[in-house]
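Structural features, examined
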Amino acid sequence: MVQALTFSRLWEGIDSRFDRYAMAISGLCVVHCLATTVFLALLSSAGGLLNPVIHEVGLVLAILFGIVALGRGIVSHGYMMPAVVGAFGLGMMAGALRLDHGTYETLWTLVGVALVALGHDLNRRATY
């Protein structure tokens with residue numbers, strides 16, 4: 001019982017700033033994806049922007065932000081839809097990592113990022 005109260009207080013201490021941070025990071029991801037595509041089209045090489053580690057670390061950070069912010073939303077307002085939309089977007093982003101660099105990878109990633117940002121926005125709106 002005491003542990004449950006402590007966990008509940010932890011979630012209450014996390015406010016919707018995490019959702020706003022996550023949406024800002026989603027915007028940076030969009031900029032990265034579009035910049036990489038433009039560089040590839042113009043220069044046929046984007047150097048370090050194509051390093052797979054950047055994409056994997058970015059996905060891990062997105063998942064961590066999703067767990068914290070969307071999980072907080074479920075606990076505070078009880079709506080599952082923001083978390084489901086965000087999780088679906090994270091799944092699309094993870095699936096895009098399996099595609100070859102190019103148009104399809106960029107499109108899948110951008111749609112996934114948009115869904116994650118939508119999930120965070122729904123979560124933020126449901127909180128207030």
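Residues numbered from 1 in each chain as written. Predicted model: local features only at pLDDT ≥ 70, side-chain atom pairs only at ≥ 80, totals over all residues. Heavy atoms only, no water.

1. Things to note about the overall build of the protein
What the protein contains, in helices and strands, is 5 helices and 0 strands. Along the protein, from the amino end to the carboxyl end, the secondary structure elements read α-α-α-α-α. A buried classification covers 32% of the 128 residues belonging to the protein. Partitioning the intrachain contacts of the protein with sequence separation of at least 6 by distance along the chain shows that 72% fall at a separation of at least 24. (Helix = DSSP H or I, 4+ residues; strand = E, 2+ residues; numbered from the N terminus. Buried < 20%, exposed > 50% of the residue type's maximum accessible area, 1.4 Å probe, protein only. Contact = heavy atoms within 4.5 Å.)

2. Re helix H4 (residues 81-96)
The end-to-end C-alpha separation of H4 is 23 Å, in line with the 22 Å expected for 16 residues at 1.5 Å each. The set of residues buried in H4 consists of Pro-82, Ala-83, Val-85, Gly-86, Gly-89, Leu-90, Met-92, Met-93 and Ala-96. (Expected span 1.5 Å × (residues − 1).)

3. Quick notes on the nonpolar core
One finds Leu-59, Ala-62, Leu-90, Met-93, Val-113 and Val-116 forming the largest nonpolar core, which totals 6 residues. Elements with a contribution of two residues or more to this core: helix H3 (52-77), H4 and helix H5 (103-127). Those residues in contact with Met-93 that lie beyond four places of it in its chain are Leu-59, Ala-62, Thr-109, Gly-112, Val-113 and Val-116. (Core = buried A, V, L, I, M, F, W, Y, C linked by side-chain atoms within 4.5 Å.)

4. Brief notes about the confidence of the model for the protein
Summarising the model, the protein shows a mean pLDDT of 77, and 73% of its residues fall at 70 or more. For the protein, per-element mean pLDDT is lowest for helix H1 (residues 2-13), which scores 58, and highest for H4, which scores 91. (pLDDT = per-residue confidence, 0-100.)

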